[in-house]
Amino acid sequence: MQELEERIAARGRVLGENVLKVDEFVTHQVDPVLMNLMGDRLAEVFADKKITKVVTLETSGIAPAIFAAQTLGVPMIFARKSKSLTMNEELLTSSVYSFTKQVTSTISISRKFLSAEDNVLIVDDFLANGQAAKGLIELCRQAGAHVEGVGIIIEKSFQDGRKLLEDMDIPVVSLARIASLKNGEIEFAKADA
Ligand code: G4P
């Protein structure tokens with residue numbers, strides 16, 4: 001997505017060889033106009049897939065997910081990250097290991113919001129190693145829901161996330177794909193949409 005690539009090129013900052021800081025418009029301060037465009041684009045790509053729910057993981061996935069859900073005309077559900085769960089019997093839960101933060105968190109969605117009738121689009125801001133998306137897919141599958149695909153704002157294509165999801169037969173659509181962050185330079189690969 002050209003508008004996103006242009007913004008990343010202008011305002012993204014490279015931290016080391018692996019991390020792209022986009023806190024001016026995605027991960028901390030949010031540009032609602034760009035975010036709306038990105039949610040619309042993901043909704044467009046999945047428009048004929050009969051999506052019934054958009055699912056994301058708090059915090060930074062919520063903004064693109066809500067715009068995609070609004071355009072698709074379906075509810076958005078965000079999985080919560082929580083360590084103390086007191087209502088296990090009513091929750092779908094899975095574990096997500098973050099290579100970035102080196103912690104495992106338990107993520108959960110209330111059972112009442114997903115069922116075997118649901119056809120889900122998963123949306124997230126970053127795809128790195130794919131662990132967050134994999135955890136969300138597991139939650140959906142626990143409910144018997146079908147996962148139609150994963151929509152991503154920024155994919156770091158030099159990490160393993162896309163392969164992990166494609167090996168699970170889940171289509172991945174990324175609005176920007178970063179081929180490399182070497183030498184402080186942002187190199188793009190061809191985006192999916
Ligand atoms: P994975 O889910 O693809 O395996 O990613 P990983 O564990 O490496 O990422 C953990 C967190 O770091 C996620 O946010 C993810 O969005 C974020 N992240 C990964 N790579 C980058 C990057 O290059 N730049 C930025 N800005 N963030 C990155 P999170 O912990 O869930 O944070 P939040 O959504 O609660 O804010």
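Within an unreviewed UniProt entry, the label attached to the protein reads Xanthine phosphoribosyltransferase, and the organism entered is Enterococcus alishanensis. Recorded under Subcellular location (unreviewed entry), the UniProt text for the protein is reproduced unchanged: "Cytoplasm". Listed in UniProt under the heading Subunit (unreviewed entry), the comment for the protein reads: "Homodimer."

Chemist: Give me the lowdown on the site of the ligand, citing residues and values where you can.
Modeler: Around the ligand sit 23 residues in total, of which S98, A128, N129, Q131 and A132 are the nearest. The set of elements that each furnish at least two residues to the shell around the ligand consists of β2 (19-21), β7 (119-127) and α4 (131-142). Of the residues that constitute the shell around the ligand, the class distribution is 9 nonpolar, 9 polar and 5 charged.

Chemist: Talk me through the UniProt feature "binding site: 5-phospho-alpha-D-ribose 1-diphosphate" (unreviewed entry) in the protein; I want residue IDs and the actual numbers.
Modeler: In this structure's numbering, the residues bearing the UniProt feature "binding site: 5-phospho-alpha-D-ribose 1-diphosphate" (unreviewed entry) are A128, N129, G130, Q131 and A132. Relative to the helices and strands, A128 is located in the loop between β7 and α4. The class of A128 is buried, set by 22 C-beta atoms lying within 10 Å. Among all residues touching A128, those that are not within four sequence positions of it are T100, K156, Q159 and G161. Looking at the element boundaries, A132 is found in helix α4. Leaving out residues up to four positions away in the same chain, A132 has contacts with L57, V96 and D124.

Chemist: Could you give an account of unusual backbone geometry, naming the residues involved and the relevant values?
Modeler: Omega for the peptide link from E58 to T59 comes to 10°, which places this bond in the cis form. With phi around 55°, K50 is a residue other than glycine that occupies positive phi space. You can see K50 is positioned in the loop between α2 (32-45) and β3 (53-57). One non-glycine residue with positive phi stands out, namely Q102, at about 55°. As for its position among the elements, Q102 is in the loop between β5 (91-98) and β6 (103-110).

Thresholds applied
Residues numbered from 1 in each chain as written. Predicted model: local features only at pLDDT ≥ 70, side-chain atom pairs only at ≥ 80, totals over all residues. UniProt positions renumbered as here; feature names shortened; annotations may be inferred. Near = placed C-beta within 6 Å. Helix = DSSP H or I, 4+ residues; strand = E, 2+ residues; numbered from the N terminus. Nonpolar A, V, L, I, M, F, W, Y, C, P; charged D, E, K, R; others polar. Buried ≥ 20, exposed ≤ 12 C-beta atoms within 10 Å, placed from the backbone. Contact = placed C-beta atoms within 7 Å.

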